[in-house]
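Here are the chains, one letter per residue:
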Amino acid sequence: MTPKEFEGQALQHTESLYNTAMRLTRNPSDAEDLVQEVFYKAFRSLSQFEPGTNMRAWLFKILINTHISQYRKSSKDPTVGGYDDVEEFSLYNQVHNRASSLSDTPAGILDKFLEEDIRNAIDKLPEQFRDVVMLVDIEGFSYKEASDILNTPVGTVMSRLFRSRKLLQKYLWEYAVEYGLVK
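Since this is a predicted model, take the numbers as computed values, not measurements. (Residues numbered from 1 in each chain as written. Predicted model: local features only at pLDDT ≥ 70, side-chain atom pairs only at ≥ 80, totals over all residues. Heavy atoms only, no water.)

Asker: I'm lost on the nonpolar core in this one. Help?
Answerer: Residues Phe-6, Leu-17, Trp-58, Leu-59, Leu-63 and Leu-135 are the most contacted members of the largest nonpolar core, which totals 42 residues. Sorting elements by how many residues they give to this core places helix 4 (residues 55-74) first, with nine residues. No fewer than three residues from each of domain 1 (3-71) and domain 2 (84-178) sit in this core. When near neighbours in sequence (up to four residues on either side) are disregarded, Leu-59 contacts Ala-10, His-13, Leu-17, Val-38, Phe-39 and Ala-42. (Core = buried A, V, L, I, M, F, W, Y, C linked by side-chain atoms within 4.5 Å. Buried < 20%, exposed > 50% of the residue type's maximum accessible area, 1.4 Å probe, protein only. Helix = DSSP H or I, 4+ residues; strand = E, 2+ residues; numbered from the N terminus. Domains from an automatic or database assignment. Contact = heavy atoms within 4.5 Å.)

Asker: How should I be thinking about the pattern of salt bridges in this particular structure?
Answerer: Per the stated rule, a full pass over the model turns up four salt bridges. Residue Asp-137 is joined to Arg-165 by a salt bridge in which the shortest nitrogen-to-oxygen separation is 2.6 Å. Of the two residues, Asp-137 sits in helix 8 (residues 127-138) while Arg-165 sits in helix 10 (residues 154-178), which places them 28 residues apart along the sequence. (Salt bridge = Lys/Arg side-chain N within 4 Å of Asp/Glu carboxyl O.)

Asker: In this structure, what is going on with the environment of Ala-10? I would like to understand it.
Answerer: Mapped onto the fold, Ala-10 is located in helix 1 (residues 3-10). Apart from the residues lying within four places of it in its own chain, the contact partners of Ala-10 are Phe-39, Met-55 and Leu-59.

Asker: How should I be thinking about the packing of helix 8 against helix 9 (residues 143-150) in this particular structure?
Answerer: Think of two packed helices as two axes; the pair is described by the angle between the axes and how far apart they sit. With their axes 9 Å apart at the nearest point, helix 8 and helix 9 run at an angle of 135° to one another. As far as their axial angle goes, helix 9 and helix 8 are oblique. Considering only the axes of helix 8 and helix 9, their crossing is right-handed. Of helix 9, the residues touching helix 8 (which contributes Asp-131, Val-132, Leu-135 and Val-136) are Tyr-143, Ala-146, Ile-149 and Leu-150. Considering only residue class, the contact of helix 8 with helix 9 consists of seven nonpolar, no polar and one charged. (Axes fitted to C-alpha atoms, helices over the stretch in contact; angles between N-to-C directions. Parallel < 35°, antiparallel > 145°, perpendicular 65-115°, else oblique. Left-handed = near helix turned anticlockwise from the far one by under 90°. Nonpolar A, V, L, I, M, F, W, Y, C, P; charged D, E, K, R; others polar.)

Asker: Would you explain a nonpolar patch on the surface in this entry?
Answerer: A contiguous nonpolar surface patch, about 230 Å² in accessible area, is contributed by Tyr-143, Val-154 and Met-158. Relative to the helices and strands, Val-154 is located in helix 10. Take Val-154: its relative accessible area is 30%, and that puts it in the partly exposed class. (Patch = residues over 30% accessible without salt bridge, like charges linked within 9 Å, V, L, I, M, F, W, Y side chains within 5 Å. Areas by Shrake-Rupley, 256 points an atom, 1.4 Å probe, with all protein chains shown as cover.)

Asker: What am I meant to see in helix 2 (residues 14-25) here?
Answerer: Every α-helix carries 3.6 residues per turn, so stepping three or four residues along brings you back to the same face. Under the 1.5 Å per step criterion, the end-to-end length of helix 2 is 16 Å for 12 residues, consistent within 8% with the ideal 16 Å. One or two steps after helix 2, the chain reaches Arg-26, where phi turns positive at roughly 60°. (Expected span 1.5 Å × (residues − 1).)

Asker: Help me understand unusual backbone geometry, please; the structure alone is not making it clear to me.
Answerer: Only a minority of non-glycine residues have a phi that is not negative, and only a minority of peptide bonds are not trans. For Asn-151, which is not glycine, the phi dihedral falls at a positive 60°. With respect to the helices and strands, the residue Asn-151 is situated in the loop between helix 9 and helix 10.

Asker: So what exactly am I meant to see when it comes to the side chain of Thr-20 here?
Answerer: Along the chain, the position of Thr-20 falls in helix 2. Given the relative accessible area of 0%, Thr-20 is considered buried. In this structure, Thr-20 is in contact with Phe-60, Leu-63, Met-134 and Glu-139, ignoring residues within four places of it in sequence.

Asker: Would you mind going over the confidence of the model for the chain with me for this structure?
Answerer: Should pLDDT be low for a region, the predicted coordinates there are not to be read in detail. Across the chain, the average pLDDT comes to 77, with 74% of residues at or above 70. Ranking the elements of the chain by mean pLDDT puts helix 5 (residues 91-98) last with 54 and helix 9 first with 89. pLDDT under 50 marks residues 76-87. Its contacts with residues more than four places away, or in other chains, come to 18 contacts. (pLDDT = per-residue confidence, 0-100.)

Right, here's the structure in full:
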């Protein structure tokens, strides 16, 4: 692959990479630096890219690995723990049980959430959970692709996604109560 071909294929993913980098770093400057580092590493490793394979997945794998490396350098304990209880919460059931009238359907209440509320809930997730949500739910990667990008088993991706979604429900419930959407 020539540098010009690489540029044509890789740069079309810049916005998607930046959006994910923003979620990971929570800082525009750090996100820009991360994306720049991704393109630098990708260009430097261009000989390792197999033409005909998924350029987007390859770039995201570099993004995630670079972020994890940077995170490990800056943090002594990047482990996730204490989330065993998340499976017991169901936002849908909570809304359904507390709906004050027939017009307060769970779907109707959920439609009232702002994009910002959902973004804030995602940002509250622990990093390993947020990574999976970003790749599968937001970027649309399959479990297998996310597994390859994160270098974890597919079962781990599925488990983290399940737990992530339960935590998101819990966080959105807090917003629903705060906004008075439920009584």
